[in-house]
Amino acid sequence: MDFALSDDQRALQQAAADFARAELAPHAAEWDATAHFPVEVIRRAGEAGFLAIYVDEARGGLGLSRLDAALIFEQLAQGCVSTTAYLTIHNMATWMIANWGSEALRERWIERLASGELLASYCLTEPGAGSDAASLSTRAVRDGGDYCLTGSKMFISGAGATDVLVVMARTGAADSGAAGISTFLVPADSAGIEYGKNEEKMGWKSQPTRLVSFDAVRVPAGNRLGEEGEGFKLAMKGLDGGRLNIASCSLGAAQQALTLSRDYLHERRQFGRELATFQALQFKFADMASELLSARLMVRHAAWQLDRGDPQAPAHCAMAKRLATDIGFQVCNDALQLHGGYGYIREYPLERLVRDTRVHQILEGTNEIMRLIAARRLFEPGVVELLQ
């Protein structure tokens, strides 16, 4: 059992770290303060290959693994958590189009999505269907060669500033549940689409979040991803990786908080001594590092399982997401506490790390739902034994 990263993976880490230092970190505080969506920087991320990381090379991406993606996103998040989180969403939407779109759709959209010329949003959550996503009510009714799409989506990252919407809508009867949902690629400027106000959020301020309304929006049948009725399955497959991606953003934030705390504990003196010499603070710092390492190992193991198609991967992705986002937030919060009053002011990045990581415990499936997914799988015969 070899836990070492390969030379190629180390190179990917370094490339992502270099991009984070040059393009993200110097501007993260300003983007947060002004709620600026840094489209030009996101496009430069596309030039670096970070917008289609695990899309197959034959379909216009880098063709890397989910483990590779986790390594990249962890490094990028140390520059700006909020912007990196949007990159993960764009990657998820682009991968879904590349995997389940027709050849014509891939030829039209993937290269431009991979380069950053176009940006994508993922549209699953509705005002009345959050954790119970299978109860969504947005409808897509077949009308000749088109579908007519009506309904609304809530809390959509990038909405109003992106070019492509990957939309889950009901094509079956109202009571058809998950089996009656299909997925569509919808151009974001289609007639009948309206965008709500940019929500004023606690964190994630460098990316817009809006309500998207569809009023008899006509979508060509050829824009459906996969078969009719497969949409919920595709959405969940997207979220397996999406959960690891957002977990990796939490790891990156926590790593940054840990690094800042180490430096601060060496620099700050009280009672004539470095804070780093106080045993109580040493114990706290050791606990933070230990928790972070445990979460990182679990995320990488779940990514390895997803890469190899392990049937237990969805449950492990859920468990890893729950653990990493809980620990990531806690490490950032503990780091703020270690900084005392300095951690609470905006001159230091700790308060932004706390605000940005808090939402990770909610999105891509709340952590309560992650526990439910894990528990359902764990109660199946023989599954607990497989944890050994």
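Remember, predicted model here, so these are calculated numbers, not experimental data.

Reading the values: rules and limits
- Residues numbered from 1 in each chain as written.
- Predicted model: local features only at pLDDT ≥ 70, side-chain atom pairs only at ≥ 80, totals over all residues.
- Heavy atoms only, no water.
- Patch = residues over 30% accessible without salt bridge, like charges linked within 9 Å, V, L, I, M, F, W, Y side chains within 5 Å.
- Areas by Shrake-Rupley, 256 points an atom, 1.4 Å probe, with all protein chains shown as cover.
- Salt bridge = Lys/Arg side-chain N within 4 Å of Asp/Glu carboxyl O.
- Helix = DSSP H or I, 4+ residues; strand = E, 2+ residues; numbered from the N terminus.
- Buried < 20%, exposed > 50% of the residue type's maximum accessible area, 1.4 Å probe, protein only.
- Phe/Tyr/Trp six-rings, centres within 6.5 Å; stacked < 30°, edge-to-face > 60°.
- Lys NZ or Arg CZ within 6 Å of the ring centre and 35° of its normal.
- Core = buried A, V, L, I, M, F, W, Y, C linked by side-chain atoms within 4.5 Å.
- Contact = heavy atoms within 4.5 Å.
- Polar contact = N/O pair within 3.5 Å; in protein donor to acceptor, adjacent residues only side chain to side chain.
- Axes fitted to C-alpha atoms, helices over the stretch in contact; angles between N-to-C directions.
- Parallel < 35°, antiparallel > 145°, perpendicular 65-115°, else oblique.
- Left-handed = near helix turned anticlockwise from the far one by under 90°.
- Arc of directions from axis to C-beta.
- Expected span 1.5 Å × (residues − 1).
- Bend = angle between axes of the 7 residues up to and from the residue.
- Pairing = 2+ DSSP bridges.
- Disulfide = S-S within 2.5 Å.

**Focus on a nonpolar patch on the surface**
Phase 1 of the analysis: Taken together, the side chains of Met1, Phe3, Leu293 and Leu297 present a nonpolar region at the surface, about 520 Å² in accessible area.
Phase 2 of the analysis: Locating Leu297 in the fold gives a position in helix α8 (residues 279-307).

**Quick notes on unusual backbone geometry**
Phase 1 of the analysis: The residue Phe155 is not glycine, and still its phi comes out positive at about 60 degrees.
Phase 2 of the analysis: Within the element layout of this structure, Phe155 appears in strand β3 (residues 146-157).
Phase 3 of the analysis: Classification of Phe155 as exposed rests on a relative accessible area of 55%.
Phase 4 of the analysis: For Phe271, which is not glycine, the phi dihedral falls at a positive 55 degrees.
Phase 5 of the analysis: In this structure, Phe271 sits in the loop between β9 (269-270) and β10 (273-274).
Phase 6 of the analysis: Residue Phe271 is classed as exposed on the basis of its relative accessible area of 77%.

**Details of the packing of aromatic side chains**
Phase 1 of the analysis: Using the criterion set out here, one finds 7 aromatic pairs in the structure.
Phase 2 of the analysis: When the centroid spacing of 5.1 Å and the interplanar angle of 80 degrees are considered together, the rings of Trp95 and Trp100 count as edge-to-face.
Phase 3 of the analysis: You can call Trp95 buried: its relative accessible area is 12%.
Phase 4 of the analysis: One aromatic cluster is present, built from ring pairs that chain together Tyr54, Trp95 and Trp100.
Phase 5 of the analysis: A cation sits over an aromatic face here: Arg66 above Tyr54, 3.8 Å from the ring centre.

**Overview of the nonpolar core**
Phase 1 of the analysis: Core analysis: the biggest nonpolar cluster contains 60 residues, and Leu76 and Tyr122 have the highest contact counts within it.
Phase 2 of the analysis: Considering every element that reaches this core, the biggest residue donor is helix α5 (residues 81-100), with 10 residues.
Phase 3 of the analysis: Leaving out residues up to four positions away in the same chain, Tyr122 has contacts with Ile89, Met92, Met96, Ile156, Val166, Met168, Ala235 and Leu239.
Phase 4 of the analysis: Among the nonpolar cores identified, the runner-up in size contains 34 residues, and Ala254, Leu323, Ala324 and Val354 belong to it.

**Considering the environment of Arg273**
Phase 1 of the analysis: If you trace the backbone, Arg273 turns up in strand β10.
Phase 2 of the analysis: Look past the residues within four positions of Arg273 in its chain and what remains in contact with it is Arg268 and Phe278.
Phase 3 of the analysis: A distance of 3.1 Å separates a polar side-chain atom of Arg273 from the backbone oxygen of Thr277.

**Description of the packing of helix α7 (residues 231-267) against helix α10 (residues 350-358)**
Phase 1 of the analysis: Following both chains from N to C, one finds α7 and α10 inclined at 160 degrees, their axes separated by 10 Å at the closest point. When the interaxial angle is binned, α7 and α10 end up roughly antiparallel. Crossing handedness for the pair α7 and α10: left-handed. Contacts between α7 and α10 involve Ala253, Gln256, Ala257 and Leu260 on the former and, on the latter, Leu350, Leu353 and Thr357.

**What to know about helix α3 (residues 39-47)**
Phase 1 of the analysis: Val39, Val41, Ile42, Ala45 and Gly46 are the residues of α3 that are buried. Along α3, the residues classed as buried sweep out an arc of 165 degrees about the axis, all on the same side.
Phase 2 of the analysis: The inward-facing, buried residues of α3 abut α1 (7-24), α2 (28-34), α5 and α6 (103-115).

**Topic: α7**
Phase 1 of the analysis: End to end, α7 covers 53 Å across 37 residues, agreeing with the expected 54 Å (1.5 Å per residue, within 8%).
Phase 2 of the analysis: Approximately 25 degrees is the largest bend angle found in α7, and it occurs at Asp240.

**Notes on the pairing of strand β2 (residues 139-143)**
Phase 1 of the analysis: Bridging between β2 and β3 involves 5 bridges; their strand directions are antiparallel. From the neighbouring strand, Asp143 faces β3, where its bridge partner is Asp146.
Phase 2 of the analysis: Hairpin connection, β2 to β3: the antiparallel pair is bridged by 2 residues, and Gly144 has positive phi, about 65 degrees.

**Some words on the pairing of strand β7 (residues 209-220)**
Phase 1 of the analysis: In this sheet, β7 lies alongside β3 in antiparallel orientation, the contact comprising 9 bridges. Pairing of Asp146 across the sheet is with Pro220, part of β7.
Phase 2 of the analysis: Relative to β7, strand β6 (residues 193-195) runs antiparallel, the two being bridged by 3 bridges. Paired with Glu194 across the strands is Ser213, a residue of β7.

**A closer look at the state of the cysteines**
Phase 1 of the analysis: Counting across every chain of the model gives 0 disulfides.
Phase 2 of the analysis: Cys249 supplies the cysteine sulfur nearest to Cys80, a cysteine that is in no disulfide, at a spacing of 9.7 Å.
Phase 3 of the analysis: The structure places no disulfide on Cys148, whose sulfur is separated from the nearest cysteine sulfur, that of Cys123, by 17 Å.

**Some details on the side chain of Thr138**
Phase 1 of the analysis: With respect to the element layout, Thr138 can be found in the loop between β1 (120-123) and β2.
Phase 2 of the analysis: With relative accessibility at 1%, the residue Thr138 sits in the buried group.
Phase 3 of the analysis: Here Ser152 takes part through its backbone oxygen, which lies 3.3 Å from a polar atom of the side chain of Thr138.
Phase 4 of the analysis: Every residue in contact with Thr138, bar those within four places of it in the chain, is listed here: Glu126, Leu149, Thr150, Gly151, Ser152, Lys153, Met168, Ala169 and Arg170.

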